[in-house]
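Examination of the molecular architecture
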Amino acid sequence: MADYTKIADTGNGILMLLKEALIPELLNSPDQIGLCSPEDHGDFTVGVWLYDIEEDTSIQAHEMTSIGRNAQRYPSTYLTLYYMITLYLQSDLKYRAVQEHQIFGKVIQAFRDKASMDPQTFIPAGEPGSNNIRFQMHRLEMEEKVRLWTAPNSAYRTSLFYTASPVEIPSARKKTVKRVQEIDYRFTGKDI
């Protein structure tokens, strides 16, 4: 798999997590959950929107990584991804609020239970030394939430906000290195 797909892989991992948590208890079909913006949610009942990407400044990678015997890769970039999860239920109005609350509760529970995931397989983490992506609820002021809601002629919908980090994007740049193959020790009378 290509190294530049980590952002897409993280989004797909979130979809897998939500489908596992919500189907079939609260939703009927995995097709009801998808990546979309608030203004273009189509038939999705649960929309996951990547609304911002920032470099994770808490991780400063400066060292080259060895690739085989004669090559090194330049340092990776580490990112924090910001997601908004919004519900677009079409059920009867008298049942809709209760159903929304149940779905929100299950989503919060799923993210808490699997707060750290292996970026390769998106299964619960736990193996030592793995670079896991952590999901955390992100606190925003109401004004910021309303500003993110960009759907024209639509009122703000209650949404959940999460961050995913660190998401590693390895560098595609490599350099060839020459390894030491032989050492020649020569002593002269002055060195002794």
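The coordinates are above.
It should be emphasised that the depicted structure is a prediction, and the values quoted were computed from it without experimental measurement.

Let us now look at the pairing of strand S2 (residues 46-55). The side chains of a regular strand alternate between the sheet's two faces. The pairing of strand S1 (residues 33-35) with S2 spans 3 bridges and is parallel. Paired with Ile33 across the bridge in S2 is Val46. Direction of pairing for S2 relative to strand S5 (residues 77-87): antiparallel, over a ladder of 9 bridges. Bridge pairing in S5 links Val46 to Leu87.

Quick look at the pattern of salt bridges now. Pairing is possible between side chains that carry opposite charge, provided their charged atoms lie close to one another. Scanning the model with the defined rule gives 4 salt bridges in all. Lys106 is paired through a salt bridge with Glu25; the nearest N and O atoms lie 4.0 Å apart. Here Glu25 lies in the loop between helix H1 (6-22) and S1 and Lys106 lies in helix H2 (residues 93-113), a separation of 81 residues in the sequence. Relative accessible area serves as the criterion here: at 22%, Lys106 is assigned to the partly exposed category. Here Arg139 ties to Glu141 by a salt bridge, and the two come within 2.9 Å at their closest N and O atoms.

This paragraph deals with the layout of surface pockets. Computed from the structure, the largest pocket encloses a volume of approximately 170 Å³. In terms of lining residues, the largest pocket is bounded by Ile108, Phe111, Arg112, Ala115, Arg134, Phe135, Gln136, Met137 and Tyr162. Within the residue set of the lining of the largest pocket, elements represented by two or more residues are H2 and strand S7 (133-137). Per-element accounting of the lining of the largest pocket gives the leading share, 4 residues, to S7. Per-class residue counts for the lining of the largest pocket are 6 nonpolar, 1 polar and 2 charged.

Examined against the element boundaries, Glu100 turns out to sit in helix H2. No salt bridge is formed by the buried Glu100. Its closest oppositely charged neighbour is Arg157, at 4.6 Å. The contact partners of Glu100, leaving out residues within four places of it in the chain, are Leu87 and Leu89.

This part covers H1. Over its 17 residues, H1 extends 24 Å from the first C-alpha to the last, a length consistent with the 24 Å expected when each residue adds 1.5 Å. Among the residues of H1, those classed as buried are Lys6, Asp9, Thr10, Gly11, Gly13, Ile14, Leu15, Leu17, Leu18, Ala21 and Leu22.

Residues Leu18, Leu22, Val46, Ile85, Ile103, Val107 and Phe111 are the most contacted members of the largest nonpolar core, which totals 28 residues. Looking at this core, the elements that each hand over two or more residues are H1, S2, S5, H2, S7 and strand S8 (159-169). Of the residues forming this core, the biggest block, 6 residues, is contributed by H1. When neighbours within four sequence positions are excluded, Val107 is seen to be in contact with Leu18, Leu22, Ile85, Leu160 and Tyr162. Within the second largest apolar cluster, 10 residues are counted, among which are Trp49, Tyr82, Leu148 and Phe161.

Here is what the cut-offs are and how they apply
Residues numbered from 1 in each chain as written. Predicted model: local features only at pLDDT ≥ 70, side-chain atom pairs only at ≥ 80, totals over all residues. Heavy atoms only, no water. Pairing = 2+ DSSP bridges. Helix = DSSP H or I, 4+ residues; strand = E, 2+ residues; numbered from the N terminus. Salt bridge = Lys/Arg side-chain N within 4 Å of Asp/Glu carboxyl O. Buried < 20%, exposed > 50% of the residue type's maximum accessible area, 1.4 Å probe, protein only. 1 Å grid on protein atoms, 1.4 Å probe; cavity = no way out; pocket = protein on both sides within 12 Å on 5 of 7 lines; lining within 4 Å. Points joined across faces, edges and corners; volume = space filled by probe spheres on them. Nonpolar A, V, L, I, M, F, W, Y, C, P; charged D, E, K, R; others polar. Lys, Arg positive; Asp, Glu negative; His and termini not counted. Contact = heavy atoms within 4.5 Å. Expected span 1.5 Å × (residues − 1). Core = buried A, V, L, I, M, F, W, Y, C linked by side-chain atoms within 4.5 Å.

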